[in-house]
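Report on the structure
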Amino acid sequence: MTKTRVLLGAVGTAVMAYGGWLLLTQATWSPRYLLSLGAWLAIGPPAHDFLLAPTLAFAGVVLTRLIPRPWRTAIIAGLVATGVVLLVAVPVLTRPMAGPANPGLDDRNYLPGLLLFIAAMWALLLAATAVYAWRGRPAGRAAPSPRRSSGPTR
Amino acid sequence: MKLRAPRQQDFTADLHDVRVAARLGLLLGIAFGLCFVTGLISHIGQHGSWWPTRPVNFYRITQGVHVLAGIAAVPLLLAKLWTVYPILFARPVFGSVARALERASILILIAAAFFQLATGLFNSAQSYPWTFTFVPTHYAGAWLAAGAIILHIAAKLPKIREGLGSPVGAPEPGSRSLSRRSFLATTGFAVGAAFVATAGATVPWLYRVSPLSWRSANGGEQGLPINRTAQSAQVTRAGDDWRLAIHWPGSSKQLSRAELAALPQRTHVLPIACVEGWSQTATWSGVPVSELLRAVGAPTGEVRVTSMEKAGQYRTSVLHPDHVRDPLTLLALQINGADLSLNHGYPCRIIAATRPGVTQTKWVGELRVRP
């Protein structure tokens, strides 16, 4: 396994270096260019680590304390899916610095369809959970955990 | 209550577990792998010296996979990051040189992954909130992300084996958090929702279901979207004095549109597929390029197509010899039974099997044959 890891590490470093070299050689050395590229490259990790993840952690703690099973899982799944769909929708909804919409592309009013989609998704999810709750937990789900990881195995 | 920075031990939910992380990591690796491979294929399609002519849906499928795998990667990446989030707060922060390097590589990995997904999504909406050039930067970012992923796999290989080698397991007794299984199911549900919400841009039977499809159902002009209007290309309608110029070593020939229309016309049903992931089938009629060259006495070979566009990086395109010989490669005069509108490339345009949309040159003014 050590050989595989060393080989993978070397290949990964080389591929990464090639990407970095491409970025450097095609860069325009003007503040306007570098600020824009730098911002888009740098913003992801802090936006997640210090904004999105703490918000989700807080929401998770509150929701798991407030909502009983099995509704808890359904509501968390619904919220996560709604958040993801809204996130993916940001470009078509906002279209910053875009040209005029082309005929047949990005040219419709997205919001009504999006809200309808989210409503349908919730209806489906809650209906499925209601059926599940009404029938009760199916038998045979509580098999003992075969192995409990110990220590910081993450 | 006194606030303090969180510690790794504060995260007690079942899902912060190597079994979940390894499974999500595997799926994320597959999604990014698909993006990388299909991205390279698209790069070859636009810049390479060879490109296949069959299957006719080849580029439509590879580019559809590229965009949809990228969209599926959004929830997968967020779920994966949430699973391993506690490790961010592990102490000591660096400890050893190896730890410090690993953290640095993970920073590059997350930055590059975010960059690729965000720029790709905005590009699919034809929105460019940056000052760099999208195509070469997205291409460079792909290598950066791919390398960082390979390096991450190298660093985590024992953990990956441990995680994938053990079953997800039943919920921990007394735990109030989502079980590992529920968390994976939640992630899967979010992936499905994001997929259905967008896939209509390229999957025909989802056109009317996907609220975020950037290609509208039956929208556009003459039943097909327009990606570059005549106005933005600064092209005006050609008059009766317009001539198509065909050059080859030693000679040349000029043809009016009436002369093109008088040649035997062929009709083919072909999709047009854009790098932005949308695609749509249309019925095209015109003169096969191979028959056109034969009719004017030109040799076959590689053909450089030049548009009447004043400027733009896609003003010219190259038809490789395989495409020139292909009977499906048309100099099209009609779309869906009517003359091309100005926005669709009047007086004539190239339509060939499985070529990237930007190389299906519109407003063709000149063909130059290199045998």
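Before reading further, recall that the structure is shown in the block above.
Summary of the structure given here. This structure is a prediction, so every number in the text was calculated from the model and none was measured.

Definitions and limits used
Residues numbered from 1 in each chain as written. Chains lettered and ligands numbered in written order. Predicted model: local features only at pLDDT ≥ 70, side-chain atom pairs only at ≥ 80, totals over all residues. Heavy atoms only, no water. Helix = DSSP H or I, 4+ residues; strand = E, 2+ residues; numbered from the N terminus. Buried < 20%, exposed > 50% of the residue type's maximum accessible area, 1.4 Å probe, protein only. Contact = heavy atoms within 4.5 Å. Pairing = 2+ DSSP bridges. Core = buried A, V, L, I, M, F, W, Y, C linked by side-chain atoms within 4.5 Å. Polar contact = N/O pair within 3.5 Å; in protein donor to acceptor, adjacent residues only side chain to side chain. Axes fitted to C-alpha atoms, helices over the stretch in contact; angles between N-to-C directions.

The residue A:His48 is located in helix H3 (residues 44-66) in this model. A relative accessible area of 8% means that A:His48 is categorised as buried. Ignoring any residue separated from it by four or fewer positions in sequence, one finds A:His48 in contact with A:Ala53, A:Pro54, B:Leu78, B:Leu81 and B:Tyr85.

Now for the pairing of strand S6 (residues 316-319) of chain B. Residues and elements named next belong to chain B. Side chains Ser317 and Leu319 of S6 all project onto a buried face; the interleaved residues Thr316 and Val318 project onto a face where none is buried. The sheet contact formed by strand S5 (residues 302-307) and S6 spans four bridges and is antiparallel. Bridging across to S6, Val305 finds its partner in Ser317.

All names here are of chain B. Ranked by size, the top nonpolar core spans 70 residues in total, and within it Phe183, Leu212, Trp214 and Trp284 carry the most contacts. Top element by residues in this core is helix H2 (residues 58-84). It accounts for 10 residues. In contact with Phe183, not counting residues within four places along its chain, are Leu15, Val20, Leu24, Ala79, Trp82, Thr83 and Leu178. Core analysis: the next-biggest nonpolar cluster, separate from the first, contains 26 residues, Ala298, Val324, Ala352 and Val369 among them.

Relative to the helices and strands, B:His16 is located in the segment before helix H1 (18-47). Polar side-chain contacts of B:His16 include one of 3.1 Å to the backbone oxygen of B:Thr83.

Turning our attention to the sheet that holds strand S2 (residues 251-255) of chain B. Residues and elements named next belong to chain B. The strand order across the open sheet built from five strands is S2-S1-S10-S5-S6, with neighbouring strands paired in mixed fashion. Of all strands in the sheet, those with a lone pairing partner are S2 and S6, marking the two edges. Mean inter-strand twist for the sheet, computed between neighbouring axes without regard to direction, equals 15°. In terms of strand pairing, S5 meets strand S10 (residues 364-370) through six bridges, oriented antiparallel.

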